[in-house]
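Below, each chain spelled out in residue letters.
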Amino acid sequence: MASPCILRVLSKYENQITIFTDYLEEFPDADELVWILGKQHLLKTEKSKLLSDISARLWFTYRRKFSPIGGTGPSSDAGWGCMLRCGQMMLAQALICRHLGRDWNWEKQKEQPKEYQRILQCFLDRKDCCYSIHQMAQMGVGEGKSIGEWFGPNTVAQVLKKLALFDEWNSLAVYVSMDNTVVIEDIKKMCCTLPLSADTAAESAPDSLNASTQRRGPSACRPAWKPLLLIVPLRLGINQINPVYVDAFKECFKMPQSLGALGGKPNNAYYFIGFLGNELIFLDPHTTQTFVDTEENGTVDDQTFHCLQSPQRMNILNLDPSVALEILKENLRMFELVQKHPSHWPPFVPPAKPEVTTTGAEFIDSTEQLEEFDLEEDFEILSI
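Residues numbered from 1 in each chain as written. Predicted model: local features only at pLDDT ≥ 70, side-chain atom pairs only at ≥ 80, totals over all residues. Heavy atoms only, no water.

Undergrad: Could you give me a rundown of the overall build of the chain, with the residues and numbers involved?
TA: A tally of helices and strands in the chain yields 11 helices and 15 strands. Sorting the 384 residues of the chain into buried and exposed places 48% on the buried side. Counting contacts in the chain only where the partners sit at least 6 residues apart, residues at least 24 apart contribute 73% of the total. Here the chain displays about 19300 Å² of accessible surface, and carbon together with sulfur accounts for 50% of that area. (Helix = DSSP H or I, 4+ residues; strand = E, 2+ residues; numbered from the N terminus. Buried < 20%, exposed > 50% of the residue type's maximum accessible area, 1.4 Å probe, protein only. Contact = heavy atoms within 4.5 Å. Areas by Shrake-Rupley, 256 points an atom, 1.4 Å probe, with all protein chains shown as cover.)

Following this line, the structure appears as structure tokens:
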């Protein structure tokens with residue numbers, strides 16, 4: 001019989017224990033196609049390639065023993081940070097595609113490109129890392145979430161949109177749709193940046209770039225285009241996903257630009273990266289690992305940032321209906337795609353980094369200054 005102490009511990013963390021009978025782990029030996037973030041694998045003949053593709057995704061889980069959030073807050077996100085970790089995984093995949101390409105693959109104990117190390121360091125559990133658990137939790141205060149409170153997929157999307165304003169290296173435009181509508185005109189306003197004048201460009205650019213610009217002539221001073229991260233928060237049902245959306249949802253994972261989906265409910269958030277038949281394949285953040293920091297040589301030991309086990313799967317109808325997708329395709333009816341900003345909506349103003357004299361990390365170290373950011377509405381329920 002378990003001691004009272006053990007029973008109390010189990011009671012406290014019972015919501016964090018995954019019921020593994022609901023999730024099928026080992027892939028069957030079948031002649032079927034598996035889709036992972038826009039790439040297909042034939043299960044029977046390409047299983048090792050498939051598993052390698054999955055293990056290459058950055059895997060962020062609960063961590064412990066990091067510096068207290070806000071100086072006096074929690075030093076572990078176990079039990080509340082799973083959706084934040086899923087958001088980190090989705091964004092990390094976007095940055096991998098941005099700097100290394102979708103075909104890049106990770107190999108254990110192999111020297112990785114410097115861009116990979118820099119991407120990984122964006123997500124370390126330190127307040128000076130732009131997408132750390134510290135930054136996300138504190139930015140969530142501006143979304144009405146207390147530090148240590150569970151986030152939904154829409155809240156995570158709003159937090160990432162705001163943190164991206166401080167990330168000059170990746171320079172992403174993060175667009176989060178509202179009212180199930182993606183507006184092309186608004187996206188163009190976010191992604192298109194003002195061109196530099198010829199004199200300013202010459203002063204700020206490296207010599208090699210100046211020479212290249214001069215060879216191309218005046219046409220080189222065109223507006224720059226920021227990479228777009230498109231997030232579409234959806235509710236695909238009330239208490240469970242409506243079967244009418246199943247095929248369209250699966251199509252999202254076939255798109256070359258797909259970054260997957262965030263989904264879940266309190267204490268049960270997952271990062272969905274593909275499907276096999278009617279089973280969704282996902283990375284699970286519900287493993288608590290010890291905080292990892294940079295080493296003396298400036299690199300990060302990345303062995304605990306990749307899942308080397310066979311991924312878990314679940315029936316698509318067991319998916320919680322609140323999801324956030326990263327997609328853009330006109331024939332999917334889960335949301336509306338329009339060219340012009342709706343006339344009955346407030347004018348669209350592209351988000352801008354607040355004028356502050358500190359770094360982004362220091363700026364959101366004080367939650368009082370988060371009042372500049374407006375709160376966003378929650379999910380809308382799709383009509384059928």
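The discussion continues.
Undergrad: Pulling in residues and values, what's your account of helix α4 (residues 114-121)?
TA: Where α4 is concerned, the buried positions are Tyr 116, Gln 117, Ile 119 and Leu 120. For α4, the angular spread of buried residues about the axis comes to 160°, placing them on one side. (Arc of directions from axis to C-beta.)

Undergrad: So what about the pairing of strand β10 (residues 268-276)? Which residues, and what values?
TA: In terms of residue burial, β10 counts as a mostly covered element, since 8 of its 9 residues are buried. Across 3 bridges, the pairing between strand β1 (residues 33-36) and β10 is antiparallel. Paired with Trp 35 across the two strands is Phe 275, which belongs to β10. Both β10 and strand β11 (residues 279-283) contribute to a ladder of 5 bridges, which runs antiparallel. Bridge pairing in β11 places Phe 275 opposite Leu 280. From the end of β10 to the start of β11, which pair antiparallel, there are 2 residues, and Gly 277 there has a positive phi angle of about 60°. (Pairing = 2+ DSSP bridges.)

Undergrad: Can you lay out the pattern of salt bridges for me, pointing to particular residues and giving the numbers?
TA: Counted according to the given criterion, the structure contains 13 salt bridges. For the salt bridge of Asp 53 with Arg 57, the shortest nitrogen-to-oxygen distance reads 2.7 Å. Take Asp 53: its relative accessible area is 5%, and that puts it in the buried class. Arg 57 sits in the buried class, given a relative accessible area of 2%. (Salt bridge = Lys/Arg side-chain N within 4 Å of Asp/Glu carboxyl O.)

Undergrad: Help me get a handle on empty space enclosed by the protein, residues and values and all.
TA: Taken as a whole, this structure holds 1 cavity of 30 Å³ or more when the rule is applied. Taken as a whole, the largest cavity holds about 50 Å³ of empty space. Along the walls of the largest cavity sit Phe 60, Thr 61, Arg 63, Arg 85, Phe 123, Leu 124, Asp 125, Phe 291, Val 292 and Phe 305, which together make up its complete lining. Within the lining of the largest cavity, the residues separate by chemical class into 6 nonpolar, 1 polar and 3 charged. (1 Å grid on protein atoms, 1.4 Å probe; cavity = no way out; pocket = protein on both sides within 12 Å on 5 of 7 lines; lining within 4 Å. Points joined across faces, edges and corners; volume = space filled by probe spheres on them. Nonpolar A, V, L, I, M, F, W, Y, C, P; charged D, E, K, R; others polar.)

Undergrad: Help me get a handle on the nonpolar core, residues and values and all.
TA: Taken as a class, soluble globular proteins show a tendency for nonpolar side chains to be buried jointly. Residues Phe 123, Tyr 131 and Tyr 271 are the most contacted members of the largest nonpolar core, which totals 68 residues. Ignoring any residue separated from it by four or fewer positions in sequence, one finds Tyr 131 in contact with Gln 88, Leu 91, Cys 122, Phe 123, Met 136, Leu 160, Leu 163, Ala 164 and Asp 167. In terms of nonpolar packing, the next biggest core, distinct from the first, is built from 34 residues, Leu 236, Phe 275, Phe 335 and Val 338 among them. (Core = buried A, V, L, I, M, F, W, Y, C linked by side-chain atoms within 4.5 Å.)

Undergrad: Residue-level account of the packing of helix α3 (residues 82-99) against α4, with values.
TA: Two numbers describe how α3 lies on α4: the axes approach to 10 Å, and their chain directions differ by 155°. Viewed along their axes, α3 and α4 adopt a mutual orientation that is roughly antiparallel. Crossing of α3 over α4 shows right-handed handedness. In this structure, α3 contributes Ala 92, Leu 95, Ile 96 and His 99 to the contact, and α4 contributes Glu 115, Tyr 116 and Ile 119. The class makeup of the residues in the contact of α3 with α4 is 5 nonpolar, 1 polar and 1 charged. (Axes fitted to C-alpha atoms, helices over the stretch in contact; angles between N-to-C directions. Parallel < 35°, antiparallel > 145°, perpendicular 65-115°, else oblique. Left-handed = near helix turned anticlockwise from the far one by under 90°.)

Undergrad: Give a description of helix α7 (residues 184-191) that names residues and reports values.
TA: Those residues of α7 that fall on the buried side of the exposure criterion are Ile 184, Asp 186, Ile 187, Met 190 and Cys 191. The buried residues of α7 occupy one face: seen down the axis, they fall within an arc of 160°.

Undergrad: Can you explain the packing of aromatic side chains? Please cite residues and give values.
TA: Each aromatic ring pair is summarised here by two numbers: the centre-to-centre distance and the angle between the ring planes. Enumeration over the complete set of coordinates arrives at 9 aromatic pairs. Plain terms: the ring middles of Phe 60 and Phe 305 are 5.9 Å apart, the flat faces sit at 70° to each other, and that makes the pair edge-to-face. One end of the pair, Phe 60, is in the loop between α2 (47-55) and β3 (62-64); the other, Phe 305, is in the loop between β12 (288-290) and β13 (312-315), with 245 residues separating them in the sequence. Taken individually, Phe 60 and Phe 305 each receive the classification buried, so the pair is uniform in this respect. (Phe/Tyr/Trp six-rings, centres within 6.5 Å; stacked < 30°, edge-to-face > 60°.)

Undergrad: Requested: an account of the side chain of Thr 155, with residues and values cited.
TA: Along the chain, Thr 155 falls in helix α6 (residues 153-163). Owing to a relative accessible area of 14%, Thr 155 belongs among the buried residues under this scheme. When neighbours within four sequence positions are excluded, Thr 155 is seen to be in contact with Glu 143 and Lys 145.

Undergrad: Summarise the environment of Ile 273; cite the residues concerned and give the values.
TA: Position of Ile 273 relative to the elements: it lies in strand β10. Sequence separation between Ile 273 and Ile 36 is 237 residues, and the spatial gap between their C-alpha atoms is 5.7 Å. Those residues within four positions of Ile 273 in sequence are excluded, and the remaining contacts are Trp 35, Ile 36, Leu 37, Ile 54, Phe 253, Ile 281, Phe 282 and Leu 283.

Undergrad: An account of the environment of Trp 106 is requested, with residue identities and associated values reported.
TA: Position of Trp 106 relative to the elements: it lies in the loop between α3 and α4. By relative accessible area, which is 3% here, Trp 106 ends up buried. Sequence separation between Trp 106 and Asp 53 is 53 residues; the distance between their C-alpha atoms is 8.1 Å. Apart from residues no more than four positions distant in its own chain, Trp 106 is found in contact with Ser 55, Ala 56, Gln 112, Tyr 116, Asp 302, Gln 303, His 306 and Leu 308. A distance of 2.8 Å separates a polar atom in the side chain of Trp 106 from a polar atom in the side chain of Asp 302. Reaching out from Trp 106, the side chain makes a polar contact with the side chain of His 306 at a distance of 3.4 Å. (Polar contact = N/O pair within 3.5 Å; in protein donor to acceptor, adjacent residues only side chain to side chain.)

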